[in-house]
Amino acid sequence: MTDAVELVVLADSSGNPAGTAPKATVHTDDTPLHFAFSCFLLNHEGKLLMTRRALSKRTWPGIWTNSFCGHPGPGESAADAVARRSIEELGLREGAIEKITEVLPDFSYRAVDSSGIVEWEICPVFVATLVEGEEPAPSPDEVDSLEWVDPAAVIQAVDIAPFAFSPWLAEELSDRRLRQALT
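Residues numbered from 1 in each chain as written. Predicted model: local features only at pLDDT ≥ 70, side-chain atom pairs only at ≥ 80, totals over all residues. Heavy atoms only, no water.

A. Looking closely at the overall build of the protein. A count of helices and strands for the protein gives 5 helices and 12 strands. For the protein, whose C-alpha radius of gyration is 15 Å, the value lies close to the compact-globule estimate of 16 Å for 183 residues. Considering only C-alpha atoms, the protein reaches an extent of 40 × 35 × 30 Å along its principal axes. Within the structure as shown, the protein displays about 8,900 Å² of accessible surface, and the carbon and sulfur contribution to it stands at 51%. Of the side chains in the protein, 14 bear a positive and 29 a negative charge, and the two mean positions are spaced by 3 Å. (Helix = DSSP H or I, 4+ residues; strand = E, 2+ residues; numbered from the N terminus. Rg over C-alpha atoms; globule rule 2.2 N^0.38 Å. Areas by Shrake-Rupley, 256 points an atom, 1.4 Å probe, with all protein chains shown as cover. Lys, Arg positive; Asp, Glu negative; His and termini not counted. Charge placed at Lys NZ, Arg CZ, Asp CG, Glu CD.)

Below, the structure is given as structure tokens:
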């Protein structure tokens, strides 16, 4: 890991890149619209990796969510950011995920954490497959815990109790295209 400042790509109201800002300064009670991604990771048995956000996270600490997410850097495609973040967040080796498929290219959301911090993202959603024999060794700064679960059970749990999950997960799983890609 380098000491370089991680930059987030900001977006204008039309969804075009509109500059950058340090990630550490972006998520506030007045978060600007910016680019992100969300990824759902399946193993060779069809189980879905669910992660519980680290308790030290600024937004939604300790909440159960998708497998991993992040922000593409300047000039980086969302698919390349997925591959990079699988290494940084889940501790996977390069090439440990395959079949990176963009399922919801037009997903975006705005949500406010109970602390008042805002997430406002243009956030395409991906599904990827973990190479057989690989296992995550997540960064404790990102992930508190993880579980491999049946995707249908997650969908049912989100339908019953969406408040128990990250707001982006609940919104993403309301889309039939993602549900079909996971089951």
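Now that the structure has been shown, we can carry on.
B. Region of the structure containing the UniProt feature "active site" (unreviewed entry) in the protein. The feature "active site" (unreviewed entry), as annotated in UniProt, sits at Cys-69 and Glu-121 in this numbering. Across 53 residues, the annotated set stays spatially compact, with a maximum C-alpha separation of 11.4 Å. Summarising the element assignment, Cys-69 is placed in strand β7 (residues 68-70). On the basis of relative accessibility, which here comes to 17%, the residue Cys-69 falls in the buried class. When sequence neighbours within four positions are dropped, the list of residues in contact with Cys-69 reads Phe-37, Ser-38, Arg-53, Arg-85, Glu-89 and Trp-168. Within the secondary structure, Glu-121 sits in strand β10 (residues 118-122). Glu-121 sits in the buried class, given a relative accessible area of 5%. Of note is the side chain of Glu-121, whose polar atom sits 3.0 Å from the side chain of His-34. (UniProt positions renumbered as here; feature names shortened; annotations may be inferred. Buried < 20%, exposed > 50% of the residue type's maximum accessible area, 1.4 Å probe, protein only. Contact = heavy atoms within 4.5 Å. Polar contact = N/O pair within 3.5 Å; in protein donor to acceptor, adjacent residues only side chain to side chain.)

C. A look at the UniProt feature "domain: Nudix hydrolase" (unreviewed entry) in the protein. Following the UniProt record, the feature "domain: Nudix hydrolase" (unreviewed entry) maps to residues 32-171 here. The span residues 32-171 is 19% helix and 36% strand, and its two end C-alpha atoms sit 20 Å from each other.

D. Region of the structure containing the side chain of Lys-57. Checked against the element boundaries, Lys-57 lands in the loop between β5 (48-53) and β6 (64-65). Of note is the side chain of Lys-57, whose polar atom sits 2.7 Å from the side chain of Glu-142. Apart from the residues within four sequence positions on either side, Lys-57 is in contact with Asp-141 and Glu-142.

E. Inspection of the pairing of β10 at higher detail. Across the 5 residues that make up β10, a large majority, 4, are buried. Relative to β10, strand β3 (residues 34-35) runs parallel, the two sharing 2 bridges. Note on β10: the bridge partner recorded for Phe-35 is Ile-122. The pairing of strand β9 (residues 108-112) with β10 spans 5 bridges and is classified as antiparallel. Bridging from a neighbouring strand, Ala-111 pairs with Glu-119 of β10. The hairpin turn running from β9 into β10, its antiparallel successor, is 5 residues long, and Gly-116 in that turn takes a positive phi close to 100°. (Pairing = 2+ DSSP bridges.)

F. Up close: the packing of aromatic side chains. Evaluated as defined, the whole model comprises 4 aromatic pairs. Note on Trp-60 and Trp-168: the rings are 5.4 Å apart at their centroids and 90° apart in plane angle, and the pair reads as edge-to-face. With a gap of 108 residues between them, Trp-60 in the loop between β5 and β6 and Trp-168 in helix α4 (residues 167-172) connect regions that are remote in the sequence. The exposure class assigned to Trp-60 is buried, which follows from its relative accessible area of 11%. Here Trp-168 falls in the buried class, since its relative accessible area comes to 2%. Centre to centre, the rings of Tyr-109 and Trp-168 are 5.8 Å apart; their planes meet at 35°, and the pair counts as tilted. On the criterion of sequence distance, the pair formed by Tyr-109 in strand β9 and Trp-168 in helix α4 is long-range, its members being 59 residues apart. Each member of the aromatic cluster is reached from another via a ring pair, and the members are Trp-60, Phe-107, Tyr-109 and Trp-168. (Phe/Tyr/Trp six-rings, centres within 6.5 Å; stacked < 30°, edge-to-face > 60°.)

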